[in-house]
Amino acid sequence: QVQLVESGGGLVQAGGSLRLSCAASGSILYINDMGWYRQAPGKQRELVARISSAGRTNYADSVKGRFTISRDNAKNTVHLQMSSLKPEDTAVYYCNAEISKTAGSFPVPSWGQGTQVTVSS
């Protein structure tokens, strides 16, 4: 069993900052990519940022220069530092990790339960 637990969401004014964290636990041999996705009401879930096990990152164009993703491989954690937040960043943010549980197994995506981020204007 693998569990991803997010924390750090909340309400913030436009221009403010928040830091999201996600910790993976359970039967984990190796974590490949980790990332953050978000889903606003009435919209599809979209990629916000991803980071490989080697530290390579990619970001949605809408958050480039404002958000920074990082991870700690030893602790199986991933973080999202969000700055200069805008009302359009309001969404439920989900942590995602591609996890291998046993030697030779392909990594399987796992999801957290989501954390609400609300940016007021």
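Located above this text is the structure these notes cover.
Described in the following lines is the structure provided in the data block. Residue numbers restart at each chain and count upward from 1, following the sequence in its written direction. With pLDDT at 70 or above as the cut-off, local features in this predicted model cover only qualifying residues; side-chain atom pairs require 80 or more to be listed or tallied, and sums for whole chains, interfaces and linings still use all residues. Heavy atoms from the whole structure form the basis of all side-chain values; hydrogens and water molecules are not counted.

1. Structural notes on the pattern of salt bridges
- The rule for a salt bridge is simple: a side-chain nitrogen of Lys or Arg has to be within 4 Å of a carboxyl oxygen of Asp or Glu. All told, the structure shown has 6 salt bridges when counted by the stated rule.
- Arg50 serves as the salt-bridge partner of Glu98, at 3.3 Å between the closest nitrogen and oxygen. Taken together, the positions of Glu98 in strand 9 (residues 91-100) and Arg50 in strand 5 (residues 46-51) put the pair 48 residues apart, joining distant regions of the chain.
- Residue classification places Arg50 among the buried residues on the basis of a relative accessible area of 10%.
- Salt bridges sharing common partners tie together Arg38, Glu46, Arg66 and Asp89. Only runs of H or I of at least four residues qualify as helices and only runs of E of at least two qualify as strands under DSSP, and these elements are numbered from the N terminus. Only protein chains enter the area calculation, which uses a 1.4 Å probe; residues under 20% of their type maximum are buried, those over 50% are exposed, and those in between are partly exposed.

2. Points about the pairing of strand 1 (residues 2-7)
- Residues Val2, Leu4 and Glu6 line the buried face of strand 1, whereas the alternating positions Gln3, Val5 and Ser7 sit on a face that is not buried.
- Relative to strand 3 (residues 18-26), strand 1 runs antiparallel, the two being bridged by 6 bridges. By the bridge assignment, Gln3 is partnered in strand 3 with Ser25. When DSSP finds two or more bridges between two strands, those strands count as paired.

3. Some words on the sheet that holds strand 1
- The strand order across the open sheet formed by 4 strands is 1-3-8-7, and the pairing between neighbours is antiparallel. This sheet does not close on itself; its edge strands, each paired only once, are strand 1 and strand 7 (67-72). Direction aside, neighbouring strands of the sheet carry axes that sit 15° apart on average. The axes used here are C-alpha line fits, helices contributing only the stretch in contact, and every angle between their N-to-C directions lies in the interval 0 to 180 degrees.

4. Brief notes about the state of the cysteines
- Disulfide assignment relies on a single distance test, namely cysteine sulfur atoms paired within 2.5 Å. Counted according to the given criterion, the structure contains 1 disulfide.
- Sulfur-sulfur distance for the disulfide between Cys22 and Cys95 comes to 2.1 Å. Of note, the bridge from Cys22 to Cys95 carries an S-S torsion of about -80° and is left-handed in sense. A residue pair is termed long-range when its members are at least 10 positions apart, and Cys22 in strand 3 and Cys95 in strand 9 qualify at 73 residues.

5. A look at the nonpolar core
- Each nonpolar core is a collection of buried residues, namely Ala, Val, Leu, Ile, Met, Phe, Trp, Tyr and Cys, held together in the definition by side-chain atoms within 4.5 Å. Trp36, Val48, Phe67, Val78, Leu80, Met82 and Tyr93 are the most contacted members of the largest nonpolar core, which totals 29 residues.
- Considering each element in turn, this core owes the most residues, 5 residues, to strand 9.

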